[in-house]
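Each chain is listed here by its residues.
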Amino acid sequence: MQIKSDKEIKIMRHSSYIVSKILDEIEGIIKPGVTTKDIDNYAEYRIKEMNAEPSFKGYCGYLHSICISINNEVSHGIPTYQRIIMFGDIVKVDIGVYYQGFHGDSCITIPINKVSLEASRLIKATKEALYAGIKKVKEGHYLSDIAIAIEKVIHKYDYTIVEEYTGHGIGYNLHEEPIIFNSLSNQNFDIKLKAGMIFTIEPIVNQKSKYTKILSDGWTVVTIDHGLSAQFEHTVLVTHKGYEILTNKN
Ligand code: MF3
Ligand code: CO
């Protein structure tokens, strides 16, 4: 597992800044009637305008710049001109950006206008879980501390955590070692955190069953019981004192 140099960290602050800036802009423009491909086009245009490249395009044959997953879609939703965003949807927008040799990665769940009480509670729980995990990031702490903190929040709300998709180290590659688990259920290793490590934390939280399946498009992951799913993700740097969230747009 890599320790990033000060120079590398500086670049990753910027690739991550681009991600969070564009997510923030998308939060402002997304509305009922817009297609998921419109959002993808916007993201790609802005990424290129900021002299960067979309990390996802070309990754494992993926053809788009963002993943956009709605309601019961858990992750890796494909942008299309057919899919129209509707009043009451919860929309997960996931963006990766490659800038001067380094990646940044973040995901948010956006409620479209007024969503159900249950949907907004799920979003609140997921965000709370991400930040509970982030607060455990500090040199000398363990990956398991992060997983335990996330799990505790989700159990409090009586939701479930998807186990087959996790956070990851990030840097020269979009996905690097180690895997960042969101629960202890299937975690069979542990790592002590060191200053200079950079990884994503990205819990996916389901309203009902934790189990998922992949649709015949080969990408879109959905809940098996059609329950709602939410996700938040940040790229985070481990420091001596704690953490720095890189995908914050400041
Ligand atoms: N956003 C996912 C992650 O955080 C990766 C998307 S992979 C792609 O790890 F192929 F869909 F782009
Ligand atoms: Co990620």
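Fair warning: this is a prediction, and the values are worked out from it, not measured in the lab.

Quick notes on the sheet that holds strand S13 (residues 229-231)
With antiparallel pairing, the three strands of this open sheet are ordered in space as S6-S10-S13. Of all strands in the sheet, those bounded by a partner on one side alone are strand S6 (160-161) and S13. As paired elements, S6 and strand S10 (residues 204-206) share two bridges and run antiparallel to each other. Counterpart to Thr-160 in the pairing with S10 is Asn-206. Packed onto the sheet, helix H3 (residues 117-134) meets S10 and S13 and runs at close to 35° relative to S13.

Notes on helix H4 (residues 143-157)
Between its first and last C-alpha, H4 extends 22 Å over 15 residues, near the 21 Å set by a 1.5 Å rise per residue. Those residues of H4 not exposed but buried are Leu-143, Ser-144, Ile-146, Ala-147, Ala-149, Ile-150, Glu-151, Val-153, Ile-154 and Tyr-157. Tucked into the core, H4 has its buried residues touching H3, S6, strand S8 (176-180), strand S9 (198-201) and S10. The first or second residue beyond H4 is Asp-158, which carries a positive phi of 65°.

Focus: the coordination of the cobalt ion (ligand 2)
Looking at the metal site, the cobalt ion (ligand 2) is ligated by Asp-105 (OD), His-168 (NE2), Glu-202 (OE) and Glu-233 (OE), spaced 2.0 to 2.3 Å from it. Written as a sequence motif, the donor arrangement for the cobalt ion (ligand 2) is D-x62-H-x33-E-x30-E. Here His-168 is found in strand S7 (residues 167-169), whereas its partner Glu-202 is found in the loop between S9 and S10, with 34 residues between them in sequence. For the pair His-168 and Glu-202, one class covers both residues: buried.

Topic: the site of ligand 1
Neighbouring ligand 1 are Phe-56, Tyr-59, Tyr-62, Cys-67, His-76, Asp-94, Asp-105, His-168, His-175, Glu-202, Trp-219 and Glu-233. Within the side chain of Asp-94, an N or O atom sits 2.5 Å from a nitrogen atom of ligand 1. Contacts to ligand 1 include Glu-202, whose side-chain N or O atom sits 3.0 Å from an oxygen atom. Computed on the free molecule, ligand 1 has an accessible area of 330 Å², of which 95% lies beneath the protein chains in the complex.

Notes on the UniProt feature "binding site: a divalent metal cation 2" (unreviewed entry) in the protein chain
Feature annotation in UniProt places "binding site: a divalent metal cation 2" (unreviewed entry) on Asp-105, His-168, Glu-202 and Glu-233, given in this structure's numbering. In terms of the greatest pairwise C-alpha distance, the residues named above, spread along 129 residues, form a tight cluster of at most 10.6 Å across. Within this annotated set, the largest pocket is lined by Asp-105, His-168, Glu-202 and Glu-233. In contact with His-168, not counting residues within four places along its chain, are Asp-105, Leu-174, His-175, Glu-176, Pro-178, Ile-180, Phe-199, Thr-200, Glu-202 and Glu-233.

Considerations on the packing of aromatic side chains
What describes a pair of aromatic rings is the distance from one ring centre to the other and the angle between the planes of the rings. If you walk through the whole model with that rule in mind, you get four aromatic pairs. Both rings, one in Phe-102 and one in Tyr-172, keep their centres 4.9 Å apart while their planes meet at 35°; by these two values the pair is tilted. Of this pair, Phe-102 sits in strand S5 (residues 102-111) while Tyr-172 sits in the loop between S7 and S8; the two residues are 70 residues apart in sequence, bridging distant segments of the chain. The class of Phe-102 is buried, set by a relative accessible area of 6%.

Some thoughts on the layout of surface pockets
Its boundaries defined by the atoms lining it, the largest pocket holds a volume of some 390 Å³. Tallied by class, the residues present in the lining of the largest pocket amount to eight nonpolar, six polar and five charged. A volume near 320 Å³ is recorded for the second largest pocket. Residue lining of the second largest pocket: 19 residues in total, with Glu-27, Ile-108, Lys-127, Phe-232 and His-234 positioned closest to the centre. Of all the elements in the fold, those that place two or more residues in the lining of the second largest pocket are helix H1 (6-29), S5 and H3. It is S5 that contributes the most residues to the lining of the second largest pocket, five residues altogether. Across the lining of the second largest pocket, the residue classes break down as eight nonpolar, six polar and five charged.

Let's talk about the UniProt feature "domain: Peptidase M24" (unreviewed entry) in the protein chain
When the UniProt feature table is mapped to this numbering, "domain: Peptidase M24" (unreviewed entry) covers residues 11-239. End-to-end, the C-alpha atoms of residues 11-239 are 16 Å apart, and along that stretch the chain is 29% helix and 27% strand.

Analysis parameters
Residues numbered from 1 in each chain as written. Chains lettered and ligands numbered in written order. Predicted model: local features only at pLDDT ≥ 70, side-chain atom pairs only at ≥ 80, totals over all residues. Heavy atoms only, no water. Pairing = 2+ DSSP bridges. Helix = DSSP H or I, 4+ residues; strand = E, 2+ residues; numbered from the N terminus. Contact = heavy atoms within 4.5 Å. Axes fitted to C-alpha atoms, helices over the stretch in contact; angles between N-to-C directions. Expected span 1.5 Å × (residues − 1). Buried < 20%, exposed > 50% of the residue type's maximum accessible area, 1.4 Å probe, protein only. Donors = N, O, S within 2.8 Å, 3.2 Å for Na, K, Ca; no water. Near = heavy atom within 4 Å. Polar contact = N/O pair within 3.5 Å; in protein donor to acceptor, adjacent residues only side chain to side chain. Areas by Shrake-Rupley, 256 points an atom, 1.4 Å probe, with all protein chains shown as cover. UniProt positions renumbered as here; feature names shortened; annotations may be inferred. 1 Å grid on protein atoms, 1.4 Å probe; cavity = no way out; pocket = protein on both sides within 12 Å on 5 of 7 lines; lining within 4 Å. Phe/Tyr/Trp six-rings, centres within 6.5 Å; stacked < 30°, edge-to-face > 60°. Points joined across faces, edges and corners; volume = space filled by probe spheres on them. Nonpolar A, V, L, I, M, F, W, Y, C, P; charged D, E, K, R; others polar.

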